[in-house]
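# Architecture and fold: a report
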Amino acid sequence: CLLHNFGGTRGLYGDLSRIATGPLAANAASGSTMDGIGITMEAIEHNPIVYELMLEMGWRRCCCHDALVVEFLCSVLSCSLSFDLGEWVQQYAVRRYGGKSEALSRAWHILQTTLYTVSSVSKSQVEVRPAITMNKPYSSNTTALVEAWRLFVQGSSEVKPVGPFQYDLVDVTRQALLNLFTDFHSLFMVAYQRYQLHHVNSSLEFKSIVSPMMEIIEDLDKLLGSDINFLLGTWTETARSWGDTVEEKNQLELNARNQVTLWGPRGNIEDYASKNGWSGLVGDYYMSRWQLFVSRLQDSIDKGKSMVGCHY
């Protein structure tokens, strides 16, 4: 059974090799009573390749009946004994985009061998409560992601740039922008630490770093707004559609908004179901939090003081 995410954490991830071997090994195990496969993620509508592969595994069988041998050979050969994962990914791209593209083949090879080798990722810095010191989100290979993005842009002239291709292009670009934001936040953190150490007004330095950070969030929101699959409005309008009266519709929308922000009347599990892939949520909610945080921090620097977290 595949538990791919908690709270719909957005990112490009999913251990394709493990998905391509685990069900085969379980089925080949001595005394196995396995009857099928399942998916138990807390949210869907992202990383479609993960779910397509997992749901296909229920139809595949391995000729080897020793689970340990299956796992060992699969880890060494990076294949599932009954099919070539690399070839499967290449054919997935052809099916998904309605034709073959050399650039997109190379892009998916990069994604398969880098980002799609991990089973989970942490949340991006954009979507969690802003702070001076923040954990750096796990990233398989930012350089590889940029190269994959470049190939997706190149591939737009080789296939019809609509539907699934547009979705994937937006998704890969989304992740590239989030990685770029992390890089700027690292500079932001170092600049503030230098200010604390030397007590020198660093207003100009901060503005030179903060400005592109805010531009990245703005660009991210515009990017997501270009595809119906990345809209907060899709989520809220669907929630409203379940109500019969205006009162019911308003309550359902409130619940839907609460789930992806506070998750409780007082932020009981704040940002648990955050979505860095929804326009509207990024541009209004996350942007506003960062702008408030940055303005308070800038004010403290101008006054020669240290930032007090509780004031933010």
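Residues numbered from 1 in each chain as written. Predicted model: local features only at pLDDT ≥ 70, side-chain atom pairs only at ≥ 80, totals over all residues. Heavy atoms only, no water.

Counting its secondary structure elements, the protein chain contains 11 helices and 0 strands. For the protein chain, the proportion of its 312 residues judged to be buried stands at 45%. Long-range contacts, defined here as pairs at least 24 residues apart, represent 72% of the contacts in the protein chain between residues at least 6 apart. Total accessible area on the protein chain is roughly 16,000 Å²; 56% of this is exposed by carbon and sulfur atoms. (Helix = DSSP H or I, 4+ residues; strand = E, 2+ residues; numbered from the N terminus. Buried < 20%, exposed > 50% of the residue type's maximum accessible area, 1.4 Å probe, protein only. Contact = heavy atoms within 4.5 Å. Areas by Shrake-Rupley, 256 points an atom, 1.4 Å probe, with all protein chains shown as cover.)

In this model, helix α6 (residues 142-155) (14 residues) spans 20 Å end to end at C-alpha, consistent with the 20 Å of a helix rising 1.5 Å per residue. Of all the residues in α6, the buried ones are A144, L145, A148, L151, F152 and G155. The buried residues of α6 occupy an angular sector of 120° when the element is viewed end-on, so they sit on one face. Tucked into the core, α6 has its buried residues touching α4 (85-97), α5 (102-113) and α7 (164-198). (Expected span 1.5 Å × (residues − 1). Arc of directions from axis to C-beta.)

What follows is about unusual backbone geometry. A positive phi angle, near 50°, is found at W263, a position not held by glycine. In this fold, W263 is placed in the loop between α10 (246-259) and α11 (281-302). According to the relative accessible area criterion, W263 is partly exposed, its value standing at 30%.

Moving on, we get to the nonpolar core. Residues F188, Y192, M214, I217, W290, F293 and L297 are the most contacted members of the largest nonpolar core, which totals 36 residues. Secondary-structure elements contributing two or more residues to this core are α7, α8 (203-224) and α11. Residue contributions to this core peak at 10 residues, all from α8. With residues up to four places along the chain from it excluded, the contact list for F188 reads A131, I132, F206, I209, V210, M213, F293 and L297. (Core = buried A, V, L, I, M, F, W, Y, C linked by side-chain atoms within 4.5 Å.)

Counting across every chain of the model gives 2 cavities of 30 Å³ or more. The computed volume of the second largest cavity comes to approximately 80 Å³. Along its surface, the second largest cavity is lined by 13 residues, and L12, W108, Y116, D168 and D171 are the ones closest to its centre. With 4 residues, the top contributor of residues to the lining of the second largest cavity is α7. Of the residues in the lining of the second largest cavity, the class split is 9 nonpolar, 1 polar and 3 charged. (1 Å grid on protein atoms, 1.4 Å probe; cavity = no way out; pocket = protein on both sides within 12 Å on 5 of 7 lines; lining within 4 Å. Points joined across faces, edges and corners; volume = space filled by probe spheres on them. Nonpolar A, V, L, I, M, F, W, Y, C, P; charged D, E, K, R; others polar.)

With that out of the way, let us pick up the layout of surface pockets. The space that makes up the largest pocket amounts to roughly 550 Å³. For the largest pocket, the lining is made up of 22 residues, of which A43, I44, E45, W235 and W278 are closest to its centre. Ranked by residues supplied to the lining of the largest pocket, first place goes to helix α9 (residues 232-241) with 3 residues. Taken together, the residues of the lining of the largest pocket break down into 11 nonpolar, 7 polar and 4 charged. In this model, the second largest pocket occupies a volume close to 350 Å³. Forming the walls of the second largest pocket are 16 residues, and the residues nearest its centre are C1, L2, R18, I19 and M54. No other element matches the 5 residues that helix α1 (residues 16-28) contributes to the lining of the second largest pocket. Residues belonging to the lining of the second largest pocket are distributed by class as follows: 9 nonpolar, 5 polar and 2 charged.

What follows covers the pattern of salt bridges. Taken as a whole and judged by the stated rule, the model has 13 salt bridges. Residues E253 and R257 are paired through a salt bridge, measuring 2.9 Å at the closest nitrogen-oxygen approach. With a gap of 4 residues between them, E253 and R257 both fall in helix α10, about one helical turn apart. Under the relative-accessibility criterion, E253 is labelled buried at 16%. Residues participating in the shared-partner salt-bridge network are R129, E270, D271 and R289. (Salt bridge = Lys/Arg side-chain N within 4 Å of Asp/Glu carboxyl O.)

In this section: the packing of α7 against α11. Two elements in contact, α7 and α11, have axes whose closest approach is 12 Å; the angle formed by their N-to-C orientations is 20°. If you check the angle between α7 and α11, you find them roughly parallel. Every pair of crossing elements has a handedness; the one defined by α7 and α11 is left-handed. Counted together, F181, H185, F188, Y192 and Y195 of α7 and W290, F293, L297, S300 and I301 of α11 form the full contact between these two elements. Residues belonging to the contact of α7 with α11 are distributed by class as follows: 8 nonpolar, 2 polar and no charged. (Axes fitted to C-alpha atoms, helices over the stretch in contact; angles between N-to-C directions. Parallel < 35°, antiparallel > 145°, perpendicular 65-115°, else oblique. Left-handed = near helix turned anticlockwise from the far one by under 90°.)

Below, the discussion takes up the side chain of Q90. Checked against the element boundaries, Q90 lands in helix α4. In contact with Q90, other than residues within four places in its own chain, are S105, W108 and H109.

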